[in-house]
Amino acid sequence: MSDLAAKRGAVPAAKKALFLVFHIGDERFALRATEVAEVLPRLPLKPIAHAPQWVSGIFAHRGALVPVIDLSALAFGTPAQARTSTRLVLVNYQPQPWVQAHWLGLILEQATDTLRCDLGEFKPYGLDNREAPYLGLVREDALGLMQWIGVNELLTDEVRALLFSAEPSP
C-alpha cells in the first residue's frame, strides 16, 4: 500500500491541545494556552483598597489597566512564592459570551512548562467544590494529578464588579 493510500485510510488523530503548566505548592495545574494572552515576569502592582486578600493589585499594560489575582492565595490562602519562575500571566477573561473579554493577570508559580495532550485525557474527579468552581477536570500521568483551571470561573460576581466596572468613571 502506498503512503498516500495509507494516509487516506488513516483515522484522524484526536485533537491535541496546548496547556501552560504551573504549580501551587507541590500540586500541578494547567491553563489552556488559547486563554493565555501573554506571559510576563512578576511586576510591581498598585494595591486595590477593600479587595479580597487574593487580589494582588492592578498595573498598566499596553494602555489598559489590568487587575491581578494570586491564584495560590485564592485557592489555598497562601500567597505565591517570589521565585524566578513565578510569572504574571495575562489571560482572556470572559465570564459570559455576550460580555467583552478583559485581560486578567494571574500570579502563577513555576509557570515555565507546557503540555500538549488530548482534551479527553482530562476527566471529572468526582468532587463538587462549590467554593472553587474554577477547579476543573483532572489528568493523571506518571507525575500524579494535574487539574485544569477554568479561567472564566475564577471571579465571583462581587469581585468581578469590583475589578471590571461596567462603566468607566468620568
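Check the entry above for the structure.
Worth saying up front: this structure is predicted, and the values here are computed from it rather than measured.

Definitions and limits used
Numbers given to residues run from 1 along each chain, matching the order in which its sequence is written. Only residues with pLDDT of at least 70 are given local features in this predicted model, and only at 80 or more are side-chain atom pairs given and counted; all residues enter the totals for whole chains, interfaces and linings. Only hydrogens and water are set aside when side-chain values are computed; all heavy atoms of the structure are taken into account. Under the scheme used here, helices are H or I runs from DSSP no shorter than 4 residues and strands are E runs no shorter than 2 residues, and both carry numbers assigned from the N terminus. Each residue is assigned to one of three classes by its accessible area relative to the maximum for its type, calculated with a 1.4 Å probe on protein chains only: buried under 20%, partly exposed between the two thresholds, exposed over 50%. Whenever two N or O atoms come within 3.5 Å, that pair is a polar contact, provided that in protein one can donate a hydrogen and the other can accept it, and provided that, for residues adjacent in sequence, both atoms are side-chain atoms. Between the rings of Phe, Tyr and Trp (Trp by its six-membered ring), a pair exists once the centres lie within 6.5 Å; its type follows the angle of the planes, with under 30 degrees stacked, over 60 edge-to-face, and the other angles tilted. Strands were regarded as paired on the criterion that DSSP finds at least two bridges between them.

1. With respect to the side chain of R28
Within the fold, R28 resides in strand β2 (residues 27–32). Accessibility expressed as a relative area gives 11% for R28, which makes it buried. For R28, the side chain forms a polar contact with the side chain of D141, separated by 2.7 Å. Here G144 takes part through its backbone oxygen, which lies 3.2 Å from a polar atom of the side chain of R28.

2. A few points about the packing of aromatic side chains
On inspection of all chains with the given rule, the structure shows five aromatic pairs. Ring geometry for F19 against W148: centres 5.0 Å apart, planes inclined by 85°, an arrangement best described as edge-to-face. Here F19 is found in strand β1 (residues 16–24), whereas its partner W148 is found in strand β9 (residues 144–149), with 129 residues between them in sequence. By the burial criterion, F19 is buried, and W148 matches it.

3. Focus on the pairing of strand β5 (residues 64–70)
The buried count for β5 comes to five of seven residues, which makes it a mostly enclosed element. Here strand β4 (residues 55–61) pairs with β5 via six bridges, running antiparallel. Bridge pairing in β5 places G57 opposite V68. Count of turn residues in the β4/β5 antiparallel hairpin: two residues, of which R62 carries a positive phi of about 50°.

By themselves these figures say nothing about function.
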